[in-house]
Amino acid sequence: MTGINVERSSDASSGVETFPTQAGMNGPQTRDAVLVVDVDGAAARALLFDMVEGSPRFVAVGVSRSTAVPPLDDPAPGIVRAIRDLEEQTGRALIDGEQLITPQRPNGDGIDACFVTGMPVPPLRAALITVGQSDLRRELASAARRTTTILADSTEDLPEGDGTVSSTALREWLALARPETVVLLCAGGTPDDWTVVLDAVADLARDGVVRSGIVVSDDAHQQQAAAALGSTLDLSGTDPSTVDAREIASALESELRAAYARRVSEASSGRLLAAARFVDRPHAVQSVTAFLNRRMGRNVLAVSMSEGTVLQAALEGRGAAVHRAERDLGSGVRSLLAIPPEDVLRWLPARTSTEDVTQWILNRALRPFTVMESQADRLMAAALQRELLARLVREAGLPEQPDVDLIAAGPASPGESLMLTVLTLLDGIQPTPAAGVVSVAADLEGMMVSAGAIAGSDPAYARDVLEQDFLTPLATCIVITGSAPEGALAVRGELRREGGESTRFSVPAGSLHRLPLPEGETATLILEPEPGFAVGKREPGEVVRLEGEQQVFGAELGVIIDARGRPISLPDDREARVARLQSWLADLGVPAE
Amino acid sequence: MALQVTTFEPVIVEDAVFLIERVVRTAGEVTARVNDLVEPETKLATESSEAGRTLTLHLARELGVAPNTVSRYLTKPIGSAFQAGEAVARTRRGLRVITASAPSAGTLTAVDEATGTATLAPEAPTRELPALVYGQVDTVLEGRGALIRASGARLRGTFAVGGEVWGPLKVAIDRPDRELTPDAITPDLSGAVVLGGMTLGAAAMRRLAEVSARAVIVGSVSEAEVRRVLSPSEVLPPAGVWRSLGRGRALAAGSERAPVTVFVTEGFGRWPMAAPIFDFLARREGQVASLLVPRDGAAPEAPPELYFTVATVEDDASIQRIEPADGVVARLVDPTHLGTVVTCRGGVLLERGPFGAQEVVEVEFTTGTRRRVPLANLELLTAEAQSS
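Basis of the calculations
Residues numbered from 1 in each chain as written. Chains lettered and ligands numbered in written order. Predicted model: local features only at pLDDT ≥ 70, side-chain atom pairs only at ≥ 80, totals over all residues. Heavy atoms only, no water. Helix = DSSP H or I, 4+ residues; strand = E, 2+ residues; numbered from the N terminus. Buried < 20%, exposed > 50% of the residue type's maximum accessible area, 1.4 Å probe, protein only. Contact = heavy atoms within 4.5 Å. Areas by Shrake-Rupley, 256 points an atom, 1.4 Å probe, with all protein chains shown as cover. Rg over C-alpha atoms; globule rule 2.2 N^0.38 Å. Buried area = accessible area lost by both parts, 1.4 Å probe. Salt bridge = Lys/Arg side-chain N within 4 Å of Asp/Glu carboxyl O. Polar contact = N/O pair within 3.5 Å; in protein donor to acceptor, adjacent residues only side chain to side chain. Axes fitted to C-alpha atoms, helices over the stretch in contact; angles between N-to-C directions. Parallel < 35°, antiparallel > 145°, perpendicular 65-115°, else oblique. Nonpolar A, V, L, I, M, F, W, Y, C, P; charged D, E, K, R; others polar. Expected span 1.5 Å × (residues − 1). Left-handed = near helix turned anticlockwise from the far one by under 90°. Pairing = 2+ DSSP bridges. Phe/Tyr/Trp six-rings, centres within 6.5 Å; stacked < 30°, edge-to-face > 60°. Lys NZ or Arg CZ within 6 Å of the ring centre and 35° of its normal. pLDDT = per-residue confidence, 0-100. Core = buried A, V, L, I, M, F, W, Y, C linked by side-chain atoms within 4.5 Å.

Caption draft 1: Here's a closer look at the overall build of chain B. Summing up its helical and strand segments, chain B has five helices and 27 strands in all. In chain B, which comprises 388 residues, the proportion classed as buried is 53%. Sequence separation of at least 24 residues holds for 64% of the intrachain contacts in chain B that already meet a minimum separation of 6. As displayed, chain B offers around 16,300 Å² of accessible surface, 48% of which is attributable to carbon and sulfur atoms.

Next up, the structure:
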């Protein structure tokens, strides 16, 4: 058994890998024109950046249906189509034959550097099996879920029972999870427990499903694992009594990240992206979130929902992340069956049943890439996303109702209702900023991941792109906390636009109120909460004047006063709940059917 | 987005030659030879998936008893056969009954009282792989099976529950929007593949099994009804039946537990069968229908397929790929409009919106109204065009 590498290699830890390069070519260096290909099972997007008046700017995005999924199972045709779309839009030639034109030519054709991000090949599959109890389990699970890995965690999935490992249940669970890698953590239990685990893994290994194992245990248990599995699995191990838990988790993250990058590299046989650099999606989002946190001094929560869902937060200098590669509204929709349908149902403003929820998910699973045209579909998707986001907030280790003052989400998809998106983010994340103001912004073009991909190689280039082109402000939300009987006044106030126009408003408890304020405008906002109510986490009843440097900024959807309190509560009675949800949608002008 | 000229194999393909892959799950012995003429029951290969393997059951730990006492908790003696999930040993702890069950069907061959374990030799059934269709062996896939060249027609389904079967098609209901109820299921459906209209419930599925029908084809089925049939003794939650942890598995559930194969053309819920599909099937009453169901482990997109094949194999009649065009009959497949039949009134257009471009097609509903729908929400049903 080899020792697990607890010293993070620079490439693996940064999530950056270089595709096999052609002879004589080095990895990309950003210069002027940069192409970023973001591809997964849902779509292939090609984003072009170039220098405009001395600064790197976003130029255009080309989009195509993905071909990374069956029947083609090859991302290349979709990527070519996306680049061809980009060529059509910009009038520039980017491909010559089977290769990207590089470096950029004087006439503007070609590019200087290319990056690939997203999920161009299926995610890794891993299983974490814990014997006994240890805080290290949580660290290992979190580490794996910061990578492009579908992780099955025995502690989460198997019934606790009397604390012993059930052989039957474990075998059934492993057969369902079909992991390529197993992480075995021995943190107590009996010798029999460990034997049961090794037997079950050995069976799976004989079937050729699992190929590698990481054993986290003392030396004696490692030796036992080596004897049972060493001939069939590529094993590595580490002893938690000699290495810090965070180092072990970090090493696991590096291992899985590097393994995925290798998989991408092995799959990219064509010459098209031979010199491109791969950056995995969680790492790209992390780069951008950290940048926004540092640059703007704001508590940022970023969500990337495409194939799989990434949630990344940077709050007061502390980072938190979770990537559920299998959870989305596309080809991973079936994994949302793990959410009790009752939880989803409570967000639906119609008299539907739990079976309707399940059947909607299953029908979506049969055709995962259809466009949600009807409001009924959008509302169902939004209900699922609320519950998914709430779970991801918890999984990332964030407090419920986190102190977030900037939410960035994207990319947008055809048929999406921006107002419903804002409401979904508010309901799912339930941001409760200390100062009471949270900006919700959209990454409409999918630039978050692209800029994050560039950032590892050229931070200055990525910074300029992010500062100038990245986010489209959707809404400035004012969070009012406190509670009172429904209908009682929660806050009153006044919005004074720069031009002099003034709007007075009053918002009852348990409701939302929208104040139009176009993007580009600013306004002074005066808030007078009723006794028992507060703006964010300020003192109840404290009058707040958001003026001068604290002025509120206009956004696509204006200013939203959210007087629903925290946590947002829904009536138990179905009729009352449906009426409440319909009223929130009406407050924001979103059709309820 | 650049306009992509994409062609599709329609849901219904007629008068074509198909290459149908028939393979065993694990390595087996292939008896088929190239150019052999085959019928549905012709054996192509045999497999024995579990031969030579044993499973160790940790009975003492499962039951929480001393290792040297496990023999007294066995439900059947050594040498007995057990079904998958059947209790091998059982004890009572307080008010609870604790059982250790067999992970797969097999024979209990030994008990080790030193370790508290038992050995289960899984059944090594010799599974025969039938051709399932009329045709000719085109290619032998060594150790796995064969590619069969077959002439006829094909219907692509959306999902299926149950195993692969064939049999003469019998029409049990006269309309695509009617439910097949138990009282409409008569003994003459024995051995048949039954055209069942819009949907059916658990009672009708059980009744079909009672009369020995081989399969039923319906537009839709309630997921709860399927769960009821797959686990009659307990109500499993949806996630327990339908969820797998990730991708890579076709939505074909519980083939060994389904009393009858259910082949679904539209989706889950209560949706009528698309009329062109019903008509296509009804016209073929009496012909042998072969239902191919994706195996566990197949790609999630792998749909079940229904073939009507004939004994004479044509030399060449490739599947006609089509694209949306005026008169092409299609159906909408987004969850809200599932199964709505429309007629295309033009080709693919590129529509640029606030969040990028998307391909759209103008379609006409049966009411005569027209609108543009995303190409992603459209499935072309047949190559036959209907005039405006």
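Now that the structure is up, let's keep going.
Caption draft 2: The arrangement of the overall build of chain A in detail. A count of helices and strands for chain A gives 16 helices and 28 strands. Taking 2.2 N^0.38 as the reference for a compact globule, 593 residues should give roughly 25 Å; the C-alpha atoms of chain A span a radius of gyration of 25 Å, in line with that estimate. Over its C-alpha atoms, taken along the principal directions, chain A stretches across nearly 75 × 70 × 45 Å. With 593 residues in all, chain A has 60% of them scored as buried. Across chain A, every contact between residues at least 6 apart in sequence was considered, and the portion connecting residues at least 24 apart equals 71%. In the form shown here, chain A has an accessible surface area of approximately 22,000 Å², with 47% of it arising from carbon and sulfur atoms.

Caption draft 3: A look at the interface of chain A and chain B. With 66 residues of chain A at the contact, the number on the chain B side is 58 residues. Taking both partners together, chain A and chain B bury about 5,200 Å²; carbon and sulfur atoms supply 50% of that area. When the buried area of chain A at its contact with chain B is split by residue, Arg 334, Arg 367 and Glu 373 of chain A rank highest and sum to 14% of it. The interface formed by chain A and chain B contains three salt bridges. Along the contact surface separating chain A from chain B lie 13 residue pairs in polar contact (both at pLDDT 80 or more). Secondary-structure elements contributing two or more residues to the side of chain A that touches chain B are strand 5 (55–65), helix 2 (75–90), strand 10 (149–153), helix 5 (167–177), helix 6 (191–206), helix 11 (354–366) and helix 12 (375–395) of chain A.

Caption draft 4: Just the packing of helix 11 of chain A against helix 12 of chain A, in detail. All names here are of chain A. The contact between helix 11 and helix 12 brings their axes to 11 Å, and the two run at 100 degrees. Between helix 11 and helix 12, the angle falls in the class roughly perpendicular. Facing helix 11, whose interface residues are Asp 356, Val 357, Trp 360 and Ile 361, helix 12 presents Asp 377, Met 380, Ala 381 and Leu 384. In terms of residue class, the contact of helix 11 with helix 12 is made up of six nonpolar, no polar and two charged.

Caption draft 5: Representation of helix 9 (residues 281–296) of chain A in the model. All names here are of chain A. If you check helix 9, its first and last C-alpha atoms are 22 Å apart, about what 16 residues at 1.5 Å a residue would give, namely 22 Å. Within helix 9, the full set of buried residues consists of Arg 281, Pro 282, His 283, Ala 284, Val 285, Ser 287, Val 288, Thr 289, Phe 291, Leu 292 and Asn 293. N-capping of helix 9 is provided by Asp 280, with a side-chain oxygen placed 2.9 Å from the backbone N of His 283.

Caption draft 6: Focus on the side chain of Arg 92 of chain A. All names here are of chain A. Within the secondary structure layout, Arg 92 lies in the loop between helix 2 and strand 6 (95–96). Within the local environment of Arg 92, its side chain forms a polar contact with the side chain of Asp 50, the two groups lying 2.8 Å apart. Those residues in contact with Arg 92 that sit more than four places away from it in its chain are Leu 48, Asp 50, Glu 87, Gln 104, Gly 108 and Asp 109.

Caption draft 7: View of the packing of helix 5 of chain A against helix 6 of chain A. Residues and elements named next belong to chain A. Between helix 5 and helix 6, whose axes approach to 10 Å, the crossing angle comes to 35 degrees. For helix 5 against helix 6, the interelement crossing comes out right-handed. Contacts from Ser 167, Leu 170, Arg 171 and Leu 174 of helix 5 reach helix 6 at Val 196, Val 197, Asp 199, Ala 200, Val 201, Asp 203 and Leu 204.

Caption draft 8: Examining the sheet that holds strand 6 (residues 81–82) of chain B more closely. The strand order across the open sheet formed by four strands is 5-10-9-6 (chain B), and the pairing between neighbours is antiparallel. The strands lining the two open edges of the sheet, one partner per strand, are strand 5 (55–57) and strand 6 of chain B.

Caption draft 9: Focus on the packing of aromatic side chains. Residue and element names in this part refer to chain B. Under the criterion given, the structure shown has five aromatic pairs over all chains. An angle of 80 degrees between the planes, with centres 5.1 Å apart, marks the rings of Phe 18 and Tyr 307 as edge-to-face. Remark: Tyr 307 occurs in strand 22 (residues 305–310) and Phe 18 occurs in strand 1 (residues 12–23); sequence separation between them is 289 residues. By the burial criterion, Phe 18 is buried, and Tyr 307 matches it. Across from the ring centre of Trp 166, 5.3 Å away, lies the NZ or CZ of Arg 214, which sits over that ring.

Caption draft 10: Representation of the confidence of the model for chain A within the structure. Across chain A, the average pLDDT comes to 88, with 92% of residues at 70 or higher. In this model, residues 3–30 of chain A is a region of pLDDT below 50 whose contacts with residues beyond four sequence positions or in other chains number 70 contacts.

Caption draft 11: Quick peek at the pairing of strand 8 (residues 113–118) of chain A. Residue and element names in this part refer to chain A. Counting buried positions along strand 8 yields six of six residues, so the element is predominantly enclosed. Bridge analysis of strand 3 (residues 34–39) against strand 8 gives six bridges, and the strand direction is parallel. Each bridged residue has a counterpart across the sheet, and for Asp 38 the counterpart in strand 8 is Thr 117. Relative to strand 14 (residues 277–280), strand 8 runs parallel, the two sharing four bridges. If you follow Val 116 over to strand 14, its bridge partner there is Phe 278.

Caption draft 12: Structural context of the nonpolar core. If you look at the biggest cluster of nonpolar residues, it comprises 117 residues, and the most contacted ones within it are Leu 311 of chain A together with Leu 200, Leu 208 and Leu 281 of chain B. For this core, the leading source of residues is helix 12 of chain A, giving 10 residues. Those residues within four positions of Leu 281 of chain B in sequence are excluded, and the remaining contacts are Leu 155, Leu 169, Leu 195, Ile 217, Met 273, Leu 306 and Phe 308 of chain B. Counting residues in hydrophobic clusters, the runner-up holds 45 residues, among them Val 39, Val 121, Leu 252 and Val 264 of chain A.

Caption draft 13: Main features of the side chain of Asn 299 of chain A. All names here are of chain A. Within the secondary structure, Asn 299 sits in the loop between helix 9 and strand 15 (300–306). The class for Asn 299 is buried, based on a relative accessible area of 8%. Polar side-chain contacts of Asn 299 include one of 2.8 Å to the backbone nitrogen of Glu 316. Look past the residues within four positions of Asn 299 in its chain and what remains in contact with it is Asn 293, Ala 314, Leu 315, Glu 316, Asp 403, Val 404, Asp 405 and Leu 406.

Caption draft 14: View of helix 8 (residues 245–267) of chain A. With 23 residues, helix 8 of chain A ought to run about 33 Å at 1.5 Å a step, and its terminal C-alpha atoms sit 33 Å apart, in line with that. Near the N-terminus of helix 8 of chain A, the side chain that reaches the backbone nitrogen of Arg 246 of chain A, with its oxygen 3.1 Å away, is that of Asp 244 of chain A.

Caption draft 15: Structural view of unusual backbone geometry. A cis amide bond links Thr 102 of chain A to the next residue, Pro 103 of chain A, at an omega of 0 degrees. Summarising the element assignment, Pro 103 of chain A is placed in the loop between strand 7 (99–100) and strand 8. Residues other than glycine seldom take positive phi values, yet Glu 53 of chain A does so here, at roughly 50 degrees. Looking at the element boundaries, Glu 53 of chain A is found in the loop between strand 4 (43–52) and strand 5. If you check the backbone angles, Leu 132 of chain B has positive phi at about 70 degrees while not being a glycine. On the secondary structure map, Leu 132 of chain B appears in the loop between strand 11 (127–130) and strand 12 (135–141).

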